[in-house]
Amino acid sequence: MKIEQISPHIWRLRSWVFIPITVWLVEEKQGLVLVDTGMDAMGKDILKHILALKKGPLKRILLTHGHSDHAGGLRRILTDTSVPVYAHKRELRYLEGIQPYPRRSKAQQMIAPGIVQTLPMGGIGEEGSLGSLAMYWTPGHSPGHVVYYHEEDKVLLAGDLFTSRSGKLRRPMPMFTADMEEAIDSSRVVQRLQPDRMEICHGDAVLHPAEQMERYLARYAGAEE
């Protein structure tokens, strides 16, 4: 696993398992926030990097969604440290193995019931904030997909809202996306936020992504999968 500081308060941690898998650490006043946990094998290395950074203890974990490459490291991390974990309320039934994700035939329990808490989101458009991160509900790739925006650093942690190649936006992987039309519509949050940098789990960072959105929507909105 490689670690790289990408802004004054954010580090990117990346492993390769056929494709890149990225999680993020965000520095706050009294410790670190982890956004996504990667796959099961990544949990041990994430904990090592938290200690090596010497920026304080892990304070909480935020999930963009509950797929195994984003929540798989939860169990390993929680064996060493007891911190609150948050996800969108629409993800809980899938994280806890109560039902399979849309377009999946089998449920997969990523964490025992009662451990993951509901993100404090509400109002029109389902948004909120927790510490230094604003959060926005962006359904489509999964029913409860969420992105996190660090306003001071102008960095958007976008999970699987997109993929990317050579700095160019691509749609999320169709075979793992519950509702592609909804995912494309959710991508409009980029136009609203106008981040300087967008981090993507399975791809390279995209600088000034709002500049690509008109072309992205023209290419993918209404397109067949």
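Note: the structure precedes this text.
Residues numbered from 1 in each chain as written. Predicted model: local features only at pLDDT ≥ 70, side-chain atom pairs only at ≥ 80, totals over all residues. Heavy atoms only, no water.

**Quick notes on the sheet that holds strand β10 (residues 133-137)**
Rules: DSSP bridges decide pairing: two strands pair if at least two such bridges lie between them. Helix and strand definitions here come from DSSP, where helices need a minimum of 4 consecutive H or I residues and strands a minimum of 2 consecutive E residues; each element is numbered from the N-terminal end.
An order of β8-β9-β10-β11-β12-β15-β16 is seen for the seven strands of this open sheet, with the pairing classed as mixed. Only two strands of the sheet have a single neighbouring strand rather than two, namely β8 (121-122) and β16 (206-207). Note: strand β9 (residues 127-130) against β10, four bridges, orientation antiparallel. Counted as the bridge partner of G128 is M135 from β10.

**Some points on the sheet that holds strand β7 (residues 116-118)**
Heads up, the rule is: Here, axes are lines fitted to C-alpha atoms. For helices the fit covers the stretch in contact, and angles between N-to-C directions go from 0 to 180 degrees.
Strand order in the open sheet formed by seven strands is β1-β2-β3-β4-β5-β6-β7, and the pairing between neighbours is mixed. Strands with a single pairing partner mark the edges of an open sheet, and in this sheet they are β1 (2-7) and β7. Pairwise comparison of adjacent strand axes, ignoring direction, gives a mean angle of 30° for this sheet. Pairing of strand β3 (residues 19-28) with strand β4 (residues 31-35) involves five bridges; the strand directions are antiparallel. Counterpart to W24 in the pairing with β4 is V35.

**Digging into the side chain of S187**
Note the following rule: For the exposure calls, accessible area comes from a 1.4 Å probe over protein chains only, and a residue counts as buried if that area is under 20% of its type's maximum, exposed if over 50%, partly exposed in between. We call two residues in contact whenever any of their non-hydrogen atoms come within 4.5 Å of each other.
On the secondary structure map, S187 appears in the loop between α5 (180-186) and α6 (189-193). The exposure class of S187 is buried, given its relative accessible area of 0%. The residues touching S187, leaving out its near neighbours within four places in the chain, are L161, F162, M213, Y216 and L217.

**Topic: the nonpolar core**
Put simply, the test is: Side-chain atoms within 4.5 Å link the members of a nonpolar core, which is a set of buried Ala, Val, Leu, Ile, Met, Phe, Trp, Tyr and Cys residues.
Among the nonpolar cores identified, the biggest contains 44 residues, and I61, L62, L95 and Y148 are the most heavily contacted of them. With five residues, β3 is the largest single contributor of residues to this core. If we skip the residues at most four places from it in the chain, L95 touches L63, G66, A71, A87, Q108, Q109, M110, I111 and V116. Judged by nonpolar contacts, the second largest core, of 22 residues, contains Y149, L161, L169 and L217.

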